[in-house]
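Here's the letter readout for the chains.
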Amino acid sequence: MKKATITVLILTLLMAYPVQGIKPQKWELLRIEQFLKGKFNGISVTYEGDLFLSPREDILQGPGEEFYLSMLRTNSGVIFLGTGHSGRIYRIGQDGKSEIYYQMPEMDVNALVWDGAGTLYAATSPNGKIYKITAEKEGAAFFDPDERYIWDLEYLGNGAMLAAVGETGGIYSINNLGEGNLILKAKENHILCLERAANGDLYAGSGGRGRLYRFTRNRTPTILYESPFEEIRSLAFDGQGNIYAAAGGKVALPSSLRTSTPSSSVDAEVSITVTPQGSAPAELPGTKEKQPSALFKVSAEGVAKRLWSSNEDIIYSLFWDERTQRMIFGTGNRGRIFAVDQNEKASLLVQKESEQVYALRAYEGRVYTLSNNPPALSVMFPDQRYKGEYLSQIFDARLLSSWGRIEWVSELPTGTTLQVLTRSGNSNQPSQSWSNWSPPYQNGRGEQILNPAARYLQFKILFETDSGRTSPRLNKISLFYLQTNVEPAISSFETLPVNVVFIEPPVQDDKIWGLDVEANAQAKSGSQANAVVMAKKTERKGYQTVVWKARDENGDGLLYSLSIRKRSDKEWRVLQERGTKEIFSFETMTLPDGEYEMKLTAVDSPSNPEGKELKTEKVSRVFVIDNSLPLLRSFQAKRSGSHLSLQFVAADSYSRIQEVQYLVRPGEWRVIFPEDGICDSKQESFDVGITLPSNFDNMVTVKVVDEHGNIGVRRAVY
């Protein structure tokens, strides 16, 4: 029985792969996002993608603690350092020696402020308190708000200050006697940071929902901006009154609101109290989990603009550098310090050995940096380093490849040098199996890469200057490689059900009728790759369709040949040579019935010189060609009154009997079952009793259909 035509489907089997072929390919780095995948040691990269020597840094000798959480520097050059998990405050003198200044009962020292006259105030957690420390090992609890965390302090003068707290989320105003008043009960469960503007207005960032609060002189709080992130953990101002907010953590708003455009300012009454949302922010730096982060520039009216964002680097601290007119911010977990200039272009200044740049403090033109994992304390100067190194990401050529030339574009002022080195290997991380670093390449116009053929390659660039005022600059670097040709791969090779074919749709592009397009050109053409071909599936008696999927790791164009043989034969008979599509149909009427197998050969000759092409073969599963009609043997039709008895055997040489019907006019075709109740073999026996209608014809017709759609018919008069 002929099946109904099936509706239109997408026939992806007819799509061609994009073609590259065995030809030299290029790996090129010229944009900042490409260079940022590498590692920087004393090297900066501009927004335009230029590499140069970074600012000079000195490492300060710090105490052996698990975490550094807070820092301040007095006018006399003394540094106080608050630590994590040990609850200690260290004093680091001008001689660089550190000593324990005060031991806290709590674990973490989150914030430090100095009154300028010898008194140090420290905020702690958990069981957050503020301590007043008047001298070495002399101090006491100054304010206890009965909060778990005190995250930040803002010193107002004369012993008065503000404190940002969690887990109930609020801000306390504290007088010089240590008496506190809650001036904000936030909707969020944490207030993480405080910053005071030049006009005296106070700004605060919250956690649980990343909101920016503003307090005017009369202490009326408003929500100036609601970010699409979980927390705002650091704030800073530029000289024009804009506020910069470091936002990060999980996205907290619906997708419809996740844009760089600001939300409207929303008033928040001091008296509002709601149940805290979310969990507490990380008590310590050091999380390995990647979190999204962004830097927002917010105007006094609450108009926000996203200046920088990342799915890998989260901002911990930021400050406005008045000398360079840039916003500087430190991130984790790759230990990077970025800068955004007045044109709102972001550049990378420094990459640290530590994973998190946790705090930045500017004093007298220098930037003090507090880092963690491992903990480190350093100072960054305005002048630049004398040496630096950039280490690229590991380049994967995907296949064993031979290396061509490496070339770069650079600027080399007098007294500066730039050298490039390469190494190669066959593991995705450098190991002892990799080659040694090559001798330095020095000619930017191009030199032959000296490393052996391999799958992976890495380069490093050495920068050097004899002056702290000039630096070599690298603008672009490129290298060429040639993949080793590999044979194509056939992932599948299947025969469709017998008689199933696809009707080829009309050609979409204009095509000259009768133009003979050479097969190589068809294989290399990319036009098929861009079209999703719509084809109609139907049935045609006496046809067999085969489909396959093949690809080439080199991206070569492929040609396909098909051969067929009877299972009992040794020789293959060619059906198709140099075809370009991954489907083939042929007429089976020209072949004798029997069991067959097909062989598919894929060759990458369109993309390779003669003698260099490679091929692969795959043999199909055995399938049956059967165009012979099933037979009805030992056929008997006996009538007794209105009863008709039929006995016969339905048989086929190669195919299963699929269906048997009979017809006695003026009735309709009726299905009958064999003696064993199911048609499931090449031979079936039938013994059927039929009740004849009153006006029956005296002829019965029996029709047998095999699974290949062949029909055998027998008629008998009774």
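### Re the side chain of Gln458
Phase 1: Position of Gln458 relative to the elements: it lies in strand S39 (residues 454–465).
Phase 2: Overall, the relative accessible area of 5% leaves Gln458 in the buried class.
Phase 3: A polar contact of 2.8 Å, which involves the side chain of Gln458, links it to the backbone oxygen of Ser392.
Phase 4: Engagement of the side chain of Gln458 in a polar contact is seen with the side chain of Arg423, the distance being 2.8 Å.
Phase 5: Non-local contacts of Gln458, meaning those with residues more than four positions away in its chain, are made with Leu391, Ser392, Gln393, Ile394, Leu421, Thr422, Arg423, Pro430, Trp434 and Trp437.

### With respect to the pairing of strand S20 (residues 202–207)
Phase 1: Burial runs high along S20: six of the six residues are buried.
Phase 2: The side-chain alternation of S20 yields two buried faces, one formed by Leu202, Ala204 and Ser206 and the other by Tyr203, Gly205 and Gly207.
Phase 3: Bridge analysis of strand S19 (residues 190–196) against S20 gives six bridges, and the strand direction is antiparallel. Considered in S20, the bridge of Cys193 is made with Gly205.
Phase 4: Here S19 folds back onto S20 in antiparallel fashion, the turn holding five residues, of which Gly200 has a positive phi close to 95 degrees.
Phase 5: Pairing of S20 with strand S21 (residues 211–215) involves four bridges; the strand directions are antiparallel. Counterpart to Leu202 in the pairing with S21 is Phe215.
Phase 6: What sits between the antiparallel neighbours S20 and S21 is a turn of three residues, in which Gly208 has the positive phi angle 105 degrees.

### Regarding the nonpolar core
Nonpolar side chains in soluble globular proteins tend to end up buried together.
Phase 1: The biggest cluster of nonpolar side chains holds 44 residues, and the ones touching the most others in it are Leu51, Leu295, Tyr390, Ile461 and Ile477.
Phase 2: Residue contacts for Leu51: discarding those within four places in its chain leaves Phe35, Phe40, Ile43, Ser44, Val45, Tyr390, Ile461, Phe463, Pro472, Arg473 and Leu474.
Phase 3: Grouped together as the second largest cluster of nonpolar side chains are 21 residues, Tyr662, Ile672, Val688 and Ala716 included.

### Examining the sheet that holds strand S41 (residues 489–495)
Phase 1: If you trace the three strands from one edge of the open sheet to the other, you get S41-S44-S47, paired in antiparallel fashion. Here the strands that pair on one side only, and so sit at the sheet edges, are S41 and strand S47 (583–587). Averaged over neighbouring strand pairs, the angle between their axes works out to 20 degrees when direction is ignored.
Phase 2: As paired strands, strand S44 (residues 543–551) and S47 are joined by five bridges and run antiparallel to one another. Following the sheet pairing, Tyr543 is matched in S47 by Glu587.

### Concerning the confidence of the model for the protein chain
Phase 1: Confidence in the prediction for the protein chain averages 88 pLDDT; 87% of positions are at 70 or higher.
Phase 2: Low pLDDT, under 50, characterises residues 1–20; the predicted model gives this stretch 53 contacts beyond four residues in sequence or across chains.
Phase 3: Within the model, the stretch residues 526–532 combines pLDDT values under 50 with eleven contacts to residues more than four positions away or in other chains.

### With respect to the pairing of strand S2 (residues 25–29)
Phase 1: Side chains Gln25, Trp27 and Leu29 of S2 all project onto a buried face; the interleaved residues Lys26 and Glu28 project onto a face where none is buried.
Phase 2: The sheet contact formed by S2 and strand S40 (residues 473–483) spans five bridges and is antiparallel. Bridge pairing in S40 links Glu28 to Ser478.

### Quick notes on unusual backbone geometry
Phase 1: Cis geometry is found at the peptide bond from Ser125 to Pro126, where omega equals -10 degrees.
Phase 2: When you line up the elements, Pro126 lands in the loop between strand S12 (120–125) and strand S13 (128–135).
Phase 3: Positive phi values are uncommon outside glycine, yet Asn158 reaches one of about 60 degrees.
Phase 4: By the element assignment, Asn158 lies in the loop between strand S15 (149–157) and strand S16 (160–166).

Rules of the game
- Residues numbered from 1 in each chain as written.
- Predicted model: local features only at pLDDT ≥ 70, side-chain atom pairs only at ≥ 80, totals over all residues.
- Heavy atoms only, no water.
- Helix = DSSP H or I, 4+ residues; strand = E, 2+ residues; numbered from the N terminus.
- Buried < 20%, exposed > 50% of the residue type's maximum accessible area, 1.4 Å probe, protein only.
- Polar contact = N/O pair within 3.5 Å; in protein donor to acceptor, adjacent residues only side chain to side chain.
- Contact = heavy atoms within 4.5 Å.
- Pairing = 2+ DSSP bridges.
- Core = buried A, V, L, I, M, F, W, Y, C linked by side-chain atoms within 4.5 Å.
- Axes fitted to C-alpha atoms, helices over the stretch in contact; angles between N-to-C directions.
- pLDDT = per-residue confidence, 0-100.

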